[in-house]
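# A look at the structure
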Amino acid sequence: MCVAVALSFLAVRMALAAYGAEEESASGLRLATRLEPKNPEYWYKLGHYQQFNLEQPDSSEAEELFKKAIALNPQYTDAWLDLGTAYELDGNLDAARGAYTNARKSYPASAEVSWRYGNFLLRQGDTQAAYPEFRRSLESDPHRAAAAFSRCYRANPNIDEILSQVLPPAPGIYADVIAEAASAKQIAVAEIVWKRLIALHPKLTIRDVEPLVGALIADGNRVEAQRVWNEGTTAMYLPALLPAPGSLIWDPSFESGISNQPFSWYFQPLSQGVNTVLDSSEKLSGNQSLRLTFDGKHNPLIDIACTQAIVAPSSKYRISAWIKTKDLTTDRGVGLRIHSYNDAKTENPVVNSRELTGRNPWTFVDLPYATGPDVHRANVCIGREHSYESDGQISGTAWLDDVNFVPDTAGPAKP
């Protein structure tokens, strides 16, 4: 009977202690330590509470509480880590280093331990000791890569050193660092890391490529953006894109499966009665064409799909496409529309090809195009002009394939 009462009392005491600890208040945690003084977790939680108590922080008391937790459990890694933080806040840097070292001894494989110790060393200016700690942390937890690179770069902007000593050579790690640097408009930094990434011959995704390309375009460097785009999409192992020789359009035959990205096709969503889909059952080349279906209820002036080309000023080009139509009504059908922009980002007059209406087999449509003296970019669009006839609502279907933009001397594309 006495044993049962004693066990019952212990169970109640443990339950009360756990309840007090769950309150996460100073009074609740102190109650837990009184009821269960040999439980290191309660001493640690009380110390952690005191350390980060915004109203009455007490780092010296926190230190003593962490020490009590460690005395009960010398392998208590979190207590060693927070003790190191407390010592650092008090300016006791040698003791802080010792606490972090003990944390590492208690859990050598912990990414968190290496991360926090590395940050401590970096704050002390000891980059050569910090770098291996960050490296160990990233090998276990690569998602910290962008933060590790950013912190190390602020402490010591030697990119080659950081790449060699801090970042494991893994595509995902480099891609995260590039995205972070591009977001911070550190484009030169991002390009250096990009070269390291491409040297790994990785298999990339559009999410790996777009951040740097977008940053370069926003910075006005479209030529470099296109180079990075081409390198990145080559590493994506896409289907053959089938451009004509010298074509400036990246995906002329709609083969890539990528849309609404910097050098891909941008498709209008269902708008003004035009539905746009890729059609594998009807194509001139490759695996699919672009199909446009008009519902007969609208009379749009619309650019249905567009892609951009980087052009040379004062140069001659020829732009072409193959178009097939079925029962395409009204006097204004489907054709090519060219928008160009000068250095002041002012749009020049739109240039239009001939349009196809009615029923046509695959038909070659092309037009010459000359850039002005300060034009470096042109958008090639598949579109339709507004009809001024009373029955201008267009219905029917059109297919497009092999849209190319080549120097004039290259000659027209062939099917």
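Please refer to the structure higher up on the page.
Report on the accompanying structure. Here the structure is a predicted model, which is why all the values come from computation and not from measurement.

### Things to note about the nonpolar core
- Of all hydrophobic cores here, the largest spans 67 residues; its most connected members are Phe134, Phe149, Val166, Leu167, Trp194, Leu212 and Val213.
- One finds Ile249, Phe294, Val311 and Ile319 within the second-largest nonpolar core, a separate group that totals 33 residues.

### Re helix H9 (residues 145-155)
- Listed as buried for H9 are Ala145, Ala146, Ala148, Phe149 and Cys152. The arc enclosing the buried residues of H9, seen along the axis, measures out at 160 degrees, which places them on a common side.
- For H9, the elements touching its buried residues are helix H7 (111-123), helix H8 (127-140), helix H10 (159-165), helix H11 (171-183) and helix H12 (187-199).

### Brief notes about the packing of helix H5 (residues 77-89) against H7
- Orientation of H5 relative to H7, taken along the N-to-C sense of each, is 15 degrees, at an axis distance of 11 Å. One way to sum up the angle between H5 and H7 is to call them roughly parallel. Considering only the axes of H5 and H7, their crossing is left-handed. Residues Thr77, Leu81, Asp82, Thr85 and Glu88 of H5 touch H7, and the partners they reach there are Glu112, Val113, Arg116, Phe120 and Arg123.

### With respect to the environment of Ser253
- Relative to the helices and strands, Ser253 is located in the loop between helix H14 (222-234) and strand E1 (266-267).
- By relative accessible area, Ser253 is classed as buried at 0%.
- Each C-alpha atom of the pair Ser253 and Asp402 lies 4.6 Å from the other, and the pair is 149 residues apart in sequence.
- Beyond its immediate stretch of four places on either side in the chain, Ser253 contacts Leu241, Leu242, Ser285, Gln288, Asp401 and Asp402.
- At 2.5 Å, the side chain of Ser253 forms a polar contact with the side chain of Asp402.

### Quick look at the environment of Asn287
- Relative to the helices and strands, Asn287 resides in the loop between strand E2 (274-279) and strand E3 (289-295).
- For the pair Asn287 and Pro407, spaced 120 residues apart in sequence, the C-alpha to C-alpha distance is 26 Å.

### Thoughts on the sheet that holds strand E9 (residues 375-384)
- Read across the open sheet, the five strands follow the order E1-E4-E9-E6-E7; overall the sheet is antiparallel. The open sheet has two free edges, formed respectively by E1 and strand E7 (351-352), since each of these has just one partner strand.
- With two bridges joining them, strand E6 (residues 335-342) and E7 adopt antiparallel strand pairing. Bridge assignment links Ile338 to a residue of E7, and that residue is Val351.

Quick notes on the rules
Residues numbered from 1 in each chain as written. Predicted model: local features only at pLDDT ≥ 70, side-chain atom pairs only at ≥ 80, totals over all residues. Heavy atoms only, no water. Core = buried A, V, L, I, M, F, W, Y, C linked by side-chain atoms within 4.5 Å. Buried < 20%, exposed > 50% of the residue type's maximum accessible area, 1.4 Å probe, protein only. Helix = DSSP H or I, 4+ residues; strand = E, 2+ residues; numbered from the N terminus. Arc of directions from axis to C-beta. Contact = heavy atoms within 4.5 Å. Axes fitted to C-alpha atoms, helices over the stretch in contact; angles between N-to-C directions. Parallel < 35°, antiparallel > 145°, perpendicular 65-115°, else oblique. Left-handed = near helix turned anticlockwise from the far one by under 90°. Polar contact = N/O pair within 3.5 Å; in protein donor to acceptor, adjacent residues only side chain to side chain. Pairing = 2+ DSSP bridges.

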